[in-house]
Amino acid sequence: AKEAELAAIDDPAHDDMEGEISLQEVYERLDDLDSDNAEARAATLLAGLGLDAEMQAKPTRSFSGGWRMRIALAQALFVM
């Protein structure tokens, strides 16, 4: 089964499958998000919501519900 799956990926017709996006579309989305400055923008958003640099280095699971909500808000604002 794995061999068939890998063979399908190597098949040139695989590029036309529904739900697939092109590499160009990925690059366009990264450009839309200004990915070169993404880390700085994210840090600024998080700092504005009260998360200092030390807190930003921690995994999300280490935060309480209220802090996680702030992180989710920052994520929503980031992708706008």
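Numbering of residues starts from 1 in each chain and follows the order in which that chain's sequence is written. Side-chain atom pairs in this predicted model are given and counted only at pLDDT of 80 or more, local residue features only at pLDDT of at least 70, and totals for whole chains, interfaces and linings cover all residues. To obtain the side-chain values, all non-hydrogen atoms of the structure were included, while hydrogens and water were left out.

Attention now goes to the environment of A42. The helix and strand labels rest on DSSP assignments: H or I over at least four residues marks a helix, E over at least two residues marks a strand, and numbering proceeds from the N terminus. Along the chain, A42 falls in helix α3 (residues 38-48). Distance from A42 to I71, taken between C-alpha atoms, is 10.0 Å for residues 29 residues apart in sequence.

With that settled, the discussion passes to a nonpolar patch on the surface. Exposure above 30% relative accessible area and the lack of any salt bridge qualify a residue for a patch; like charges then connect within 9 Å, and the nonpolar side chains Val, Leu, Ile, Met, Phe, Trp and Tyr within 5 Å. To be clear on the numbers: accessible area is Shrake-Rupley with a 1.4 Å probe, and residue cover counts the displayed protein chains and nothing else. Salt bridges are counted wherever a side-chain nitrogen of Lys or Arg sits within 4 Å of a carboxyl oxygen of Asp or Glu. On the surface, a cluster of nonpolar side chains totalling about 480 Å² of accessible area is made up of I21, L23, V26, Y27 and L30. When you line up the elements, L30 lands in helix α2 (residues 23-32).

Think of each axis as a best-fit line through the C-alpha atoms, taken over the contacting stretch in the case of a helix, with angles from 0 to 180 degrees between the N-to-C directions. Look at α3 against helix α5 (residues 65-78): their axes get within 9 Å of each other, and the N-to-C directions meet at 135°. With respect to each other, α3 and α5 are oriented oblique. Crossing of α3 over α5 shows right-handed handedness. Contacts from A38, R41, A42, L45 and L46 in α3 reach I71, A74, L77 and F78 in α5. Put simply, angles under 35 degrees are roughly parallel, angles over 145 are roughly antiparallel, angles from 65 to 115 are roughly perpendicular, and the rest are oblique. For any helix crossing, the convention is left-handed if the near helix is rotated counterclockwise from the far helix by under a right angle, and right-handed if that rotation is clockwise. The contact criterion used throughout is that any non-hydrogen atoms of two residues lie within 4.5 Å.

This part covers the nonpolar core. Of all hydrophobic cores here, the largest spans six residues; its members are L46, L51, M55, F63, I71 and A74. Setting aside anything within four residues of it in sequence, one finds L51 in contact with L46, Q56, F63, W67, R70 and I71. Residues enter a nonpolar core if they are buried and are Ala, Val, Leu, Ile, Met, Phe, Trp, Tyr or Cys, with the set joined through side-chain atoms within 4.5 Å. Residue burial is assigned from relative accessible area. The probe radius is 1.4 Å, only protein chains are included, and a residue is buried under 20% of its type maximum, exposed over 50%, and partly exposed in between.

Honestly, that's just the spatial picture; any functional story needs more than this.
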